[in-house]
Amino acid sequence: MNELKSHHIVTAVCIAAILIMTPMSCAHKKGTTEAEPMQQPSAQATEMAEAAAPERSLSVTAAGDCTFARDESFARETSFDAYAEKYGADYFFENVRDIFAEDDLTIINFEGTMSTQGAREAKQFAFRGNPSYVNILTGSSVEAANLANNHSADYGAISLTDTKMYLDQAGILNCRGEENVSVSEINGIKVGLVGINYLNDQMKTELEAAISKAKSMGAELVILSIHWGVEKAAAPNDEQIEAAHRAIDCGADLVIGTHPHVLEGVEKYNGKYIWYSLGNFCFGGNSNPSDKDSAIFRIKFTFNGNELIDDDNYEIIPCRISESDGYNDYQPTPAQGDAKARIEARLTEYSQALGTSDLKFR
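Residue numbers restart at each chain and count upward from 1, following the sequence in its written direction. Per-residue local features of the predicted model are confined to residues with pLDDT of at least 70, and side-chain atom pairs are confined, for both listing and counting, to 80 or more; whole-chain, interface and lining totals are unaffected and use all residues. With hydrogens and water set aside, each side-chain value is computed from the structure's full complement of heavy atoms.

Enquirer: Please set out the confidence of the model for the protein chain residue by residue, giving values where relevant.
Expert: Per-residue pLDDT for the protein chain has a mean of 90; in total, 86% of the residues score no lower than 70. Under a pLDDT of 50 for its full length, residues 1–38 has, in the predicted model, four contacts with residues more than four places off or in other chains. Each residue carries a pLDDT value, the predictor's own confidence for that position, ranging from 0 to 100. Whether two residues touch is decided by their heavy atoms; if any such pair falls within 4.5 Å, the residues are in contact.

Here is the structure:
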């Protein structure tokens with residue numbers, strides 16, 4: 001009897017040892033007895049796993065204000081619409097198409113509407129373009145558009161609804177406020193696009209919530225397009241600087257500013273870049289703006305495991321919004337010679353005032 005008891009005890013000990021040593025293969029299910037939690041991997045094991053994970057990278061290009069329309073008061077013969085009728089959709093980005101095609105994501109500020117509906121809002125300038133103008137974007141490797149600006153509903157709410165519909169149908173990502181936050185996987189990286197019109201008293205209160213929403217939707221990288229500031233101002237005001245810093249503190253990885261219609265400087269804050277204003281780009285809102293300087297910003301984000309590397313891998317491409325100096329031909333073009341040097345000097349001066357020097361130009 002004692003030998004049988006001893007045999008049972010030895011058997012029980014062996015079974016217990018096997019159960020302890022065998023890892024749990026499935027999660028706890030409702031209605032079953034809860035198992036002891038698995039032991040967490042050591043810090044060394046986590047570091048080894050992250051080191052073994054392949055690097056993931058994403059190249060992003062940003063350009064400024066794009067208005068594919070004219071105000072009804074503009075002379076038609078020199079308008080954006082006249083050029084569209086004469087040259088077609090592929091004309092407008094002909095000189096930058098190769099630049100946009102180099103990257104993984106190109107984003108612009110779409111300042112206007114595409115619609116055949118709605119009544120004109122009571123404002124100085126209002127823009128409603130032909131819905132076929134969406135082909136300007138799809139034909140030139142533009143993958144995303146910010147709709148958070150002060151011209152996105154120039155012909156009423158229906159014109160905004162239509163614009164978003166045409167962009168969606170064309171596969172163009174878009175963003176506007178907390179309600180319309182976009183998260184997509186590109187090159188294995190979940191990218192969140194957030195757009196805020198900081199000139200709108202309601203939408204400006206959605207800044208933190210929209211960034212948090214992108215994070216909650218799984219975004220590893222958050223790009224904020226923000227419409228703000230004062231038209232024709234060469235430097236950001238205190239409100240812009242405070243909002244940009246707050247956005248980065250909340251989780252934004254890049255801040256792209258628009259609205260002043262001229263260039264403002266670049267700031268690096270807590271390892272993240274802020275473009276306070278990229279200026280106009282393909283701009284039907286003026287047939288001959290006095291300031292035709294612009295820029296394209298290209299930045300490559302690289303993740304090592306789950307960590308975003310701070311490697312300053314960016315370049316600035318000085319541009320002019322028109323090949324012609326005396327009028328707007330609506331064809332943004334990389335600047336050359338004296339014009340390029342002047343824009344580089346201008347941006348360097350503006351950025352040094354914000355504590356950022358040694359800008360990298362192509």
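Enquirer: Talk me through the sheet that holds strand 10 (residues 254–258); I want residue IDs and the actual numbers.
Expert: Strand order in the open sheet formed by six strands is 7-8-9-10-12-11, with mixed pairing between adjacent strands. What marks the edges here is a single partner per strand, and that holds for strand 7 (182–186) and strand 11 (266–269). Direction aside, neighbouring strands of the sheet carry axes that sit 20 degrees apart on average. Between any two strands, pairing holds if DSSP finds at least two bridges. Every helix listed is a DSSP run of H or I at least four residues long, and every strand listed is a run of E at least two residues long, numbered separately from the N terminus. Direction of pairing for strand 10 relative to strand 12 (residues 272–275): parallel, over a ladder of three bridges. In the sheet register, isoleucine 256 faces strand 12, and the bridge partner there is tryptophan 275. Angles shown run from 0 to 180 degrees and are taken between the N-to-C directions of axes, each axis being a line fitted to C-alpha atoms and, for helices, limited to the stretch in contact.

Enquirer: Please set out the pattern of salt bridges residue by residue, giving values where relevant.
Expert: The salt bridge definition used is simple: a Lys or Arg side-chain nitrogen within 4 Å of an Asp or Glu carboxyl oxygen. On inspection of all chains with the given rule, the structure shows 23 salt bridges. Of the charged contacts, one joins aspartate 71 and arginine 120 as a salt bridge, the two residues approaching to 2.6 Å between their closest N and O atoms. Of this pair, aspartate 71 sits in the loop between strand 1 (56–67) and helix 3 (80–87) while arginine 120 sits in the loop between strand 3 (113–114) and strand 4 (128–129), placing them 49 residues apart in sequence. Two residues, glutamate 315 and arginine 362, come together in a salt bridge whose shortest N-O distance is 2.6 Å. Of this pair, glutamate 315 sits in strand 16 (residues 314–320) while arginine 362 sits in the segment after helix 9 (337–352), and the two are 47 residues apart along the sequence.

Enquirer: Explain the pairing of strand 1 to me, using residue names and the numbers behind them.
Expert: Here the term buried applies to any residue with accessible area under 20% of the maximum for its type, exposed to any over 50%, and partly exposed to those in between, with areas from a 1.4 Å probe on protein chains only. Judged by how many residues are buried, strand 1 sits mostly within the fold: eleven of twelve residues are covered. Alignment of strand 1 against strand 14 (residues 293–304), held across seven bridges, turns out to be antiparallel. For threonine 61, the partnering residue across the bridge sits in strand 14 and is arginine 298. Bridge count between strand 1 and strand 2 (residues 105–110): five bridges; the pairing is parallel. Across the sheet, residue aspartate 65 finds its bridge partner in strand 2, namely asparagine 109. Relative to strand 13 (residues 280–283), strand 1 is paired through three bridges, and the arrangement is parallel. When the sheet's bridge partners are listed, threonine 67 is paired in strand 13 with phenylalanine 283.

Enquirer: Which residues make up unusual backbone geometry, and what values do they have?
Expert: With a phi angle near 70 degrees, histidine 261 is a residue other than glycine that sits in the positive phi range. What makes histidine 261 buried here is its relative accessible area of 15%. A positive phi angle is found at aspartate 312, which is not glycine, with a value near 55 degrees. Mapped onto the elements of the fold, aspartate 312 is located in the loop between strand 15 (307–308) and strand 16. Overall, aspartate 312 belongs to the partly exposed group, its relative accessible area being 26%.

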